[in-house]
Amino acid sequence: MSPSYEAPAQPSPLSRRGLLAAAGAAGLVTAAGPAAAASPASPSSRRRSAALVVHNGRVFTGTSAHPTRHEAVAVGRDGRILAVGPDAAVKRHVGRDTDVVDAAGGTVMSGIHDGHAHPMDAASRSLRPSLAGAEQTVEELQKTLTGFLKDSAEQEPDGWLVVEDWNPVGLLPHGTAPHHTMLDALPTRRPIALRGGDGHNLWANQRALDIAKITASTPDPVGGRIVKGADGRPTGVLKDDAQPLVARHIPEPDETQLADAAAKTLAEAAASGITTFMEAVVGRAELKLYQRLAASDRLLQRIVPALRVETGMTKDPAAALAYAKKLRAEFDDVRGLRFGTIKVFLDGVIEYPAQTAALLEPYLDKDGRPTDHRGLYVSAADYGRLSAAFNAEGWQMHAHAIGDRAVRTSLDGYAYALRKTGRRDLRNTTAHLQLVDPADLPRFAALGVVACMQLQWAARTTWTMDALLPYIGARRHRWQYPARSLRDRRVALAGGSDWPVDPLQVWNQIRTAIDREGMEGEGDLYRAQEGLSRTSSLLMHTAGTARQLRSDHLTGTVERGKAADLVVLDRDVTRCPVADISSSEVRMTLVGGTVVHDAQSSAGRAAAARVTRAAAGPRPTAYASVHGRHASCGCG
């Protein structure tokens, strides 16, 4: 299977000087920058001239081939990088109709490659009301939900009220257990579903349970749990793979509204400097949405869809392979998509009280005593057979693994696949790696496995301290997100955001990988042992993730012949204080030589403002508000 893919369908690369706003709801911009003096060019010199030259910058090439400082980049008319070098040398490519951009000392670098995110889920969630992870008494929650009901009164009596970002442990006083009767007391007959911010819990009222035909005799599905009270009846809370019992009855959003919301989310990503995504959970619905975006020229980034293989299908590799091939055949002609990646959930999340991540040693109770709880969704044997089947036909595996047992399971599976197929070139990936047993660190490089980490979480916060330390103990706690330990063992590192689990804060993510504190940390999380260098963090989120996504032949570095997937920043992130990286602003983003974000355009300003508002939104800080992760992973 070829790892190459075409850029999204967009206007042709920059072709004339000046500031030009492109047509379309996505607000594409086809040129930017002041005019540059140039003498009239002959037809032959015009062919050699650049479409765009960015100068007076600090170019971070991401390669070792350019040890000296470079200040400028020229983009050819084919959307590829024509030249990189000092200002004087690159300016020779300026012609009469070349657009010239002054970087004003800011960094010019590869666009950010997000190796694990859920942009289409971000779009879907944006269409629904949100509780924002708030802690509330039952009365306060009922008041909030009553307001949501009034805002959508036209949907009485049968329209679903679906609310995002419910905090599963946020009912006050602490320890109050959610029950469908609390929702049944609301002034409505409508079915109601509150989606947990942790992605592992859903709370439904009795009407919704009735629609789903969930009763005391309904068995727990594989990988899920229907919470039942002392009387044996459902409480309304569904965990993990029990959530679809209700969720499948919720109507899909209007396709036009959803496509418009998706276009906005991709514009926000462009405003953040992202030029490539791996959409980390993909089925037919997500692919149809991408197809719709591509058809309307609103697909701004390159997309690697990771097709999810459900837990139950992991035991039948032949059926899983047939399913993936069918989806690829149906959507392979969508420009901007590159198929070849399979996603499997090996476990859930590690924080209390969910504790669905898989551990080698059991969780501790609140008093530090061992329990009998370890957790795991897929066995190493099943994952190995599944990986071997896909690897044999050129597909790459991408495993969600939070706990050290799940990480080892992924490595054991990849080891089996390597023995069976002999293929080391596929860059099988383990994602998240919140907890890794040190004995497994050398195995990544030995097996050629990529470690895709979301290091915005690697800070001292409620999630990593109060909700975790008492339940795993200090010895294991030390091995959270062991980025430097992996890098020192020559493991290929890649980065991702897991957006919209957290707000999209690309540059704070890059900063946190360095200082292990970030904007929201209450101190660093093992910075001395696991903090990365500035260069390593930048490489991890560009060339490293391009390697994970098997697009490093095309993108990820700034060098002649590569696609012009570039960002221009408002500061030099290679030299500014590390803390200042968080507040970096993207002046311009290009994909294949086309400007997909210009901070000076009205569309660019609007997208950047949305990113800023989301990042500044309410954040849970108390112990009971520990869940905000993997809300869109599809774990449930």
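The preceding data block contains the structure.
Residues numbered from 1 in each chain as written. Predicted model: local features only at pLDDT ≥ 70, side-chain atom pairs only at ≥ 80, totals over all residues. Heavy atoms only, no water.

**Re the overall build of the protein chain**
The number of helices and strands found in the protein chain is 19 helices and 26 strands. Per-residue burial over the protein chain gives 60% buried out of 636 residues. By sequence separation, contacts in the protein chain at least 24 residues apart represent 76% of the contacts at least 6 residues apart. Total accessible area on the protein chain stands at roughly 23,500 Å², and carbon and sulfur atoms take up 51% of it. (Helix = DSSP H or I, 4+ residues; strand = E, 2+ residues; numbered from the N terminus. Buried < 20%, exposed > 50% of the residue type's maximum accessible area, 1.4 Å probe, protein only. Contact = heavy atoms within 4.5 Å. Areas by Shrake-Rupley, 256 points an atom, 1.4 Å probe, with all protein chains shown as cover.)

**Description of the packing of helix H11 (residues 380-392) against helix H12 (residues 404-421)**
Across the interface, H11 lies against H12 with an axial gap of 7 Å and an inter-helix angle of 45°. Between H11 and H12, the angle falls in the class oblique. Considering only the axes of H11 and H12, their crossing is right-handed. For the pair H11 and H12, contact is made by Ala380, Tyr383, Gly384, Arg385, Ser387, Ala388, Asn391 and Ala392 and by Thr409, Ser410, Asp412, Gly413, Tyr414, Tyr416, Ala417, Lys420 and Thr421, respectively. (Axes fitted to C-alpha atoms, helices over the stretch in contact; angles between N-to-C directions. Parallel < 35°, antiparallel > 145°, perpendicular 65-115°, else oblique. Left-handed = near helix turned anticlockwise from the far one by under 90°.)

**A word on the sheet that holds strand E23 (residues 493-495)**
The strand order E9-E17-E18-E19-E20-E21-E22-E23 describes an open sheet built from eight strands, whose pairing is parallel. Each edge of the open sheet is held by one strand with a lone partner, namely strand E9 (112-117) and E23. This sheet shows a mean twist of 25° between the axes of neighbouring strands, independent of strand direction. One ladder, built from four bridges, connects E9 with strand E17 (residues 274-282); its direction is parallel. Bridge pairing in E17 places Asp114 opposite Phe277. Against the sheet, H12 makes contact with strand E20 (396-401) and strand E21 (429-432), and its axis sits at roughly 160° relative to E20, the strand it touches most. (Pairing = 2+ DSSP bridges.)

**Describing the side chain of Asp565**
Locating Asp565 in the fold gives a position in the loop between helix H18 (534-548) and strand E24 (566-569). Aside from chain neighbours lying at most four places away, what touches Asp565 is Met109, Ser110, Gly111, Thr275, Thr276, Arg302, Thr555, Leu590, Val591 and Gly592.

**Section: the nonpolar core**
Ranked by internal contacts, the top residues of the largest apolar core, which has 104 residues, are Phe390 and Phe444. Among the elements that take part in this core, helix H8 (residues 255-271) stands out by supplying ten residues, more than any other. Look past the residues within four positions of Phe390 in its chain and what remains in contact with it is Val309, Ala320, Leu321, Ala324, Ile342, Trp395 and Met397. (Core = buried A, V, L, I, M, F, W, Y, C linked by side-chain atoms within 4.5 Å.)

**Comments concerning the packing of aromatic side chains**
Here the structure, examined in full by the defined rule, presents five aromatic pairs. An angle of 25° between the planes, with centres 6.2 Å apart, marks the rings of Phe277 and Trp499 as stacked. With a gap of 222 residues between them, Phe277 in strand E17 and Trp499 in the loop between E23 and helix H16 (506-515) connect regions that are remote in the sequence. Trp499 gets classed as buried once you look at its relative accessible area, which sits at 6%. (Phe/Tyr/Trp six-rings, centres within 6.5 Å; stacked < 30°, edge-to-face > 60°.)

**A short note on unusual backbone geometry**
Of note, the bond from Leu172 into Pro173 is cis; its omega dihedral lies within 30 degrees of zero at -5°. Mapped onto the fold, Pro173 is located in the loop between strand E12 (171-172) and helix H5 (180-184). The peptide bond linking Trp499 to Pro500 adopts the cis configuration, its omega dihedral lying at 10°. When you line up the elements, Pro500 lands in the loop between E23 and H16.

**A few points about the environment of Arg489**
Mapped onto the secondary structure, Arg489 falls in the loop between helix H15 (483-488) and E23. Spatially, the C-alpha atom of Arg489 lies 7.1 Å from that of Ala445, the residues being 44 residues apart in sequence. Beyond its immediate chain neighbours, meaning those up to four positions away, Arg489 contacts Leu441, Pro442 and Ala445.

**Quick look at helix H9 (residues 284-295)**
In this model, H9 (twelve residues) spans 16 Å end to end at C-alpha, consistent with the 16 Å of a helix rising 1.5 Å per residue. For H9, the complete set of buried residues consists of Leu287, Leu289, Tyr290, Leu293 and Ala294. Here the buried residues of H9 occupy an arc of 160° about the axis, which is enough to place them on one side. Exposed and oriented more than 90 degrees from the buried face of H9 are Ala285 and Ala295. Asp297 occupies a position one or two residues after H9 and carries a positive phi of about 55°. (Expected span 1.5 Å × (residues − 1). Arc of directions from axis to C-beta.)

**Describing the packing of H8 against H9**
Two numbers describe how H8 lies on H9: the axes approach to 10 Å, and their chain directions differ by 75°. When the interaxial angle is binned, H8 and H9 end up roughly perpendicular. Between H8 and H9, the residues in contact are Glu255, Thr256, Leu258, Ala259, Ala262, Ala263 and Leu266 and Leu289, Arg292 and Leu293, respectively. Looking at the contact of H8 with H9, its residues break down into seven nonpolar, one polar and two charged. (Nonpolar A, V, L, I, M, F, W, Y, C, P; charged D, E, K, R; others polar.)

**Examining the sheet that holds strand E4 (residues 58-60)**
Strand order in the open sheet made by the five strands is E4-E8-E24-E25-E26, with mixed pairing throughout. Every interior strand has two partners, whereas the edge strands, E4 and strand E26 (594-598), have only one. Mean inter-strand twist for the sheet, computed between neighbouring axes without regard to direction, equals 20°. Examined bridge by bridge, strand E8 (residues 107-110) and E24 share three bridges and lie antiparallel to one another. Bridge assignment links Val108 to a residue of E24, and that residue is Val568.

**Quick look at the pattern of salt bridges**
Under the definition given, this model contains 31 salt bridges. Arg125 is paired through a salt bridge with Glu164; the nearest N and O atoms lie 3.9 Å apart. With Arg125 in helix H3 (residues 119-125) and Glu164 in strand E11 (residues 161-166), the pair connects residues that are 39 residues apart, well separated along the chain. A salt bridge links Arg423 to Asp425; the shortest N-O distance between them is 3.0 Å. Via salt bridges that share partners, Arg125, Arg128, Glu164, Asp165 and Arg195 belong to a single interconnected network. (Salt bridge = Lys/Arg side-chain N within 4 Å of Asp/Glu carboxyl O.)

**Quick look at empty space enclosed by the protein**
Enumeration according to the criterion identifies three cavities of 30 Å³ or more in this entry. Here the largest cavity defines a volume of roughly 80 Å³. Lining of the largest cavity is provided by Asn391, Tyr414, Ala417, Leu418, Arg423, Arg424, Leu426, Arg427, Asn428, Leu447, Gly448 and Val449. Of the residues contributing to the lining of the largest cavity, the split by class is six nonpolar, three polar and three charged. (1 Å grid on protein atoms, 1.4 Å probe; cavity = no way out; pocket = protein on both sides within 12 Å on 5 of 7 lines; lining within 4 Å. Points joined across faces, edges and corners; volume = space filled by probe spheres on them.)

Read these as layout, nothing more, since geometry by itself doesn't imply function.
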